[in-house]
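One-letter residues, chain by chain:
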Amino acid sequence: MYSEKTFPIKLVAGLIALFIAAPMFIVIPMSLSTAPALEFPPPGDLPGYYQRFFTDRNWTLPLFNSIVIGLGTTVLTLALAAPAAFALVRHDFRGKALLNLVLMMPLVVPHIVMALAYYSYFGALRLVQSYTGLILAHTCLSMPVAILILTAALKTFDRNLERAAANLGSRPLTTFRLVTLPVLKPAFLVAGLFVFIHSFDETVIALFISGRDTTTLPRQMFNSFLMQADPVLSAASSVLFTAVLIAVAVPAVMRAMRRKRPMPGRA
C-alpha cells in the first residue's frame, strides 16, 4: 500500500528532475559537433573542440585562473568561516544577530550591485585585474555558504567528546586537532567543495574586476558566446558539467562502498 501511494510522487519527481537536467545533456552532443557554430542536433561526431579547449591559450589560461582563484578562495573562506561559525554557535555576545545578518548579506544583495561596489572599492586599492582582488571578492560571496554548512554541523556536534578530552588533560588546540576536527571533517570537505564550485562558477563580479591576464573561465565563456558563439564553448561547458558531476558522485560512491564493506570480525 505504501509503495503504491509513493509511486506517483516518485514519478513526478523523476519527470521534474529530467526536465531540469535535459538542457545540460544537450550540451555534450553539441561539443562533439563538426559544425562551425553552435548547432543541435550536431551534424558530426569529432572531439576537435575539446582539443582546442585544452590547447588554445584563450581557454587554458582562463581555466588555470579559475582553478587558482577557486583554491585560494576555498582556503581563505574556510580560514575565516570556521572561527565565525564557532563564535555564532557556541558564544553569546552583544551584536551577534547583527553579525549574522552582515555575514548572510551576500545571499540577498544582487551580484551586480556587489560587483559595482567591488569595482569602485578595489579600484581605489589597486586590486582590480588582480588575483588578490578576485579571491577577496569571491571569499565575501562564499562566506554565507561555508558558514551555513559549518554552523549546521556544529549544532549537531556532541560536545561531551571535547569535555572528555579536557578531563583527560588535553589542551584546547590538541582537542580541536584530535577530536573536533576529525568529527567535523566531512562538513569542512563539503563546505570547501561548495565554496570552490561557487567561486569557479561566478561570472558577474569577474566581468567587472578581472583583467586580460586574470580572466576566469566563466567570463571567457560569456565573452565567447557574446562575440562569436565559438563552438568551443560547448566543450568548455561539457568539461565543467562533467567535473561537477564527478565531484558530487565520487563522495556518494565512496559512502556506498563503505556501507557495503563488511565490519571486522563479522562472518
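Data block above holds the structure.
All of these numbers come straight from a predicted model, not from anything done at the bench.

Asks: Would you take a moment to explain unusual backbone geometry for this structure?
Replies: Peptide bonds are trans in most cases, and residues, glycine excluded, mostly fall at negative phi. A positive phi is found at R126, a non-glycine position, where the angle reads about 60 degrees. By the secondary structure assignment, R126 is in the loop between α5 (111-124) and α6 (131-155). Even without glycine at this site, Q129 takes up a positive phi of about 65 degrees. On the secondary structure map, Q129 appears in the loop between α5 and α6.

Asks: Would you mind going over the side chain of Q220 with me for this structure?
Replies: Here Q220 lies in helix α10 (residues 217-227). Once you skip the residues sitting within four places of it in the chain, Q220 turns out to touch N58, W59, P62 and T215.

Asks: Got a minute to help me understand a nonpolar patch on the surface in this structure?
Replies: Together, L98, L101, V102, M105, L107, V108 and L148 give the surface a local cluster of nonpolar side chains, amounting to about 680 Å² of exposed area. Assignment of secondary structure puts L98 in helix α4 (residues 96-104). The exposure class assigned to L98 is exposed, which follows from its relative accessible area of 55%.

Reading the values: the criteria
- Residues numbered from 1 in each chain as written.
- Predicted model: local features only at pLDDT ≥ 70, side-chain atom pairs only at ≥ 80, totals over all residues.
- Heavy atoms only, no water.
- Helix = DSSP H or I, 4+ residues; strand = E, 2+ residues; numbered from the N terminus.
- Contact = heavy atoms within 4.5 Å.
- Patch = residues over 30% accessible without salt bridge, like charges linked within 9 Å, V, L, I, M, F, W, Y side chains within 5 Å.
- Areas by Shrake-Rupley, 256 points an atom, 1.4 Å probe, with all protein chains shown as cover.
- Salt bridge = Lys/Arg side-chain N within 4 Å of Asp/Glu carboxyl O.
- Buried < 20%, exposed > 50% of the residue type's maximum accessible area, 1.4 Å probe, protein only.

Distances and angles like these do not, on their own, reveal function.
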